[in-house]
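The residues making up each chain are set out below.
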Amino acid sequence: MNNVFGLDIGTRNVVGTVGHRTEDGAFIVEAQYVRQHETRSMLDGQIHDIGKVARTISAVKAELEAQLDAPLSEVCIAAAGRVLKTVTTHVEYEYAEESVVTGEDIHTLNLLGVEQAQDILREQNDTKYKFYCVGYSVVKYYLNEEVFISIEGHKANKIGEDIIVTFLPEDVVDGLYSAVGQAKMTVANMTLEPIAAINVAIPENFRMLNIALVDVGAGTSDISITREGSIIAYGMIPYAGDELTELIVQQYLVDFQTAEKMKLASSSEDEVTYEDIMSISHTIPSKEIWELVAPTVEKITSEVAAKIKELNGDKTVSACFVVGGGGKIHGFTEKLAGHLDLPTERVALRGEEVLKEVTFEQEDIKKDPLLVTPIGICLNYYEQKNNFIMVRFNGERLKLYDNNRLTIVDAAMQAGFPNDQLFPKRGMPINFTVNGSARIARGEAGEAAIVTMNGQPANINTPLEPNSDITIEPSTAGDNAVYTIGQLPEYHESVISFVVNGQNVVCPKFVEVNGSLEPDSYEIQEGDSIETRNFYTVAQIAEFMDVEIDPDSEILVNNREAGMETLVYENFSIDWTPLSFGVASESENRYNATEGVTDSAEISREEMTPETSGEAKAAESEKKDTVCVVTVNGETVELTGKEDYIFVDVFDRITFDLNAGNGRAIATLVNGMEAEFSQPLNNGDRVEIYWKEK
């Protein structure tokens, strides 16, 4: 149950390793098996024939299962750096207050770095390929902007790191996943071969030195550089052991597998015996093969040295370690030392000496450079559990970098699903002013997006499941705002008083929109300037009172002669001689000097406007526009413009960036309980919204 299955899918061989790490850090190999590809189904670390590679993987799996007497269903793999891209970036995380740095904080910082590197690569990518992260290494940590070797356990206000993130194109990743899938296994972890190799070949206590590691495989030579305690660069060249094998094929008329055996034999034997395609047997001195491949070894080591210097800031390194089967050819390390301007003893194969902490249960296993990368693939599982998960989003197949916190919203973002279609959208608001103060009438809320996963209802924060089928029906926009003069509080609350023939008369204030008198039914438009008018004319007061003035009588305003169009302001006195009274004014209670206007007079305010909306319409408007007061993160928020409210409505009243999660899930609570975005809200509810800690 504790074993890890690591698979090094190389250009020439597939090496399978099954083992586990002990509490003291040692690694116990329970089973080991190496098998060559039947044909050249891989070139330069790239799978060309997925079916044939899958068959080789299946054969390795079957042999290991037989050794273990147990099934294998998950496997850790690594990719060669054939078209490797790297991005080095700096990220920071600032605490709200001084806090102790935890391992979880560091993991969060790493994920921020990976996401930032992905954004940078996306901007720089000038190819047709989509690139995926297959590993990362921290170059430096920062504690309150000072460089630290380790920041866990320290107190800090701000932490940061320089991180190097490695990427491979989609076709490389897809090929590996497909081959593993056809072998009826799933990928538990994926890394890059140079990362796997360096974790074994160069222990952390050596990384203060400026050292290069070269993993010479069959199709590629992968390179990594350490300095000041960190891995500072990765690279590769597309030349390796197959270049040498092809020379032997041509020179001695043998098939590729025979040539491969001849190459390996020449590294350990004085003579090599082989049979050519004519079935003629030959025995030649190993030195003959050395001389044949010497020019190509010269070319490969020259290219490797040039790449090392390029990655190291155009200068050589202090030492170089070589792993992988391709580096075992005669003269490789000596020529590489020459091109690096290093003494020969500073360029060496790494095999048995770096596998001291590895114990093989099989007695016939010899520790050599070929096993460094497979062991590193297994060990990488314990350090960085990197993986991809596949889902279908609205019918489209997606691959997502798994940070163990993926939710449906991550799949939506990867698919380019518009963010504004995840949440209900309000209709267009109306911005206007009332007596110089800015006002806004908000549009109606739309319907929330309908989210399902595997046919079951879900929400955007539902954790993703591998191979799940996700659908999102976009949210809808609500109706645009409609707001009338009659819905303004000022229309109902603002009054003006006059003294008419010694009695107090209370009238509603008229409303002007952009300088023109408008009725209560007028629908306010964007940018309207609304003013409550603080005067009446004599004629308007008479109309409000339903009084007809004797045209021959004298009209006095504040005891001065006036006319029907004279302006009358607050508390002005008017004296006139009425000719007759309307039906409504026959009641002496209509104008009361102490209580103001009665219900009958209130109805008359509608009669004074150019159009009539009626009590029923006002009552209906009032019913639709209720007020709900809640607290959001301790702050009082007033919700207006609707009859009923749901959780998502609070986003219209607060500032909360829904794109600032950086891999974190959003917490939504009402009165301390987890809530959906569609949960109804009531007066006095306590709402909490924040990003969950990782």
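Residues numbered from 1 in each chain as written. Predicted model: local features only at pLDDT ≥ 70, side-chain atom pairs only at ≥ 80, totals over all residues. Heavy atoms only, no water.

Our next topic: the side chain of asparagine 312. Among the secondary structure elements, asparagine 312 is positioned in the loop between α7 (286-311) and β17 (319-323). Polar side-chain contacts of asparagine 312 include one of 2.8 Å to the side chain of asparagine 210. Discounting residues that sit within four places of it in the chain, asparagine 312 has contacts with Asn210, Ile225, Arg227, Ile232 and Val317. (Helix = DSSP H or I, 4+ residues; strand = E, 2+ residues; numbered from the N terminus. Polar contact = N/O pair within 3.5 Å; in protein donor to acceptor, adjacent residues only side chain to side chain. Contact = heavy atoms within 4.5 Å.)

With that out of the way, let us pick up helix α3 (residues 170-182). Between its terminal C-alpha atoms α3 stretches 18 Å, which fits the 18 Å expected from 13 residues at 1.5 Å a residue. Within the sequence span of α3, burial applies to Val172, Val173, Asp174, Gly175, Leu176, Tyr177, Ala179 and Val180. (Expected span 1.5 Å × (residues − 1). Buried < 20%, exposed > 50% of the residue type's maximum accessible area, 1.4 Å probe, protein only.)

This paragraph deals with helix α1 (residues 50-68). Since the α-helix turns once every 3.6 residues, residues separated by three or four places project in the same direction. Its 19 residues place the ends of α1 26 Å apart at the C-alpha level, agreeing with the 27 Å of an ideal helix rising 1.5 Å per residue. All buried positions along α1 are accounted for by Val53, Ala54, Thr56, Ile57, Val60, Lys61 and Leu64. Buried residues of α1, viewed axially, fall in a sector of 160°; they line one side. Here α1 starts with a cap whose side-chain oxygen sits 3.2 Å from the backbone nitrogen of glycine 51, and that cap is aspartate 49. Note on α1: the residue one or two positions beyond its end, aspartate 69, has a positive phi of about 55°. (Arc of directions from axis to C-beta.)

Our next topic: the sheet that holds strand β11 (residues 186-192). On the basis of which strands lie adjacent, the open sheet formed by six strands has the order β11-β6-β1-β2-β3-β19 and mixed pairing. The open sheet has two edge strands with one neighbour each: β11 and β19 (358-360). The average undirected angle you get between the axes of adjacent strands in this sheet is 30°. Note: strand β6 (residues 74-79) against β11, six bridges, orientation parallel. Looking across to β11, one finds that valine 75 is bridged to valine 187. (Pairing = 2+ DSSP bridges. Axes fitted to C-alpha atoms, helices over the stretch in contact; angles between N-to-C directions.)

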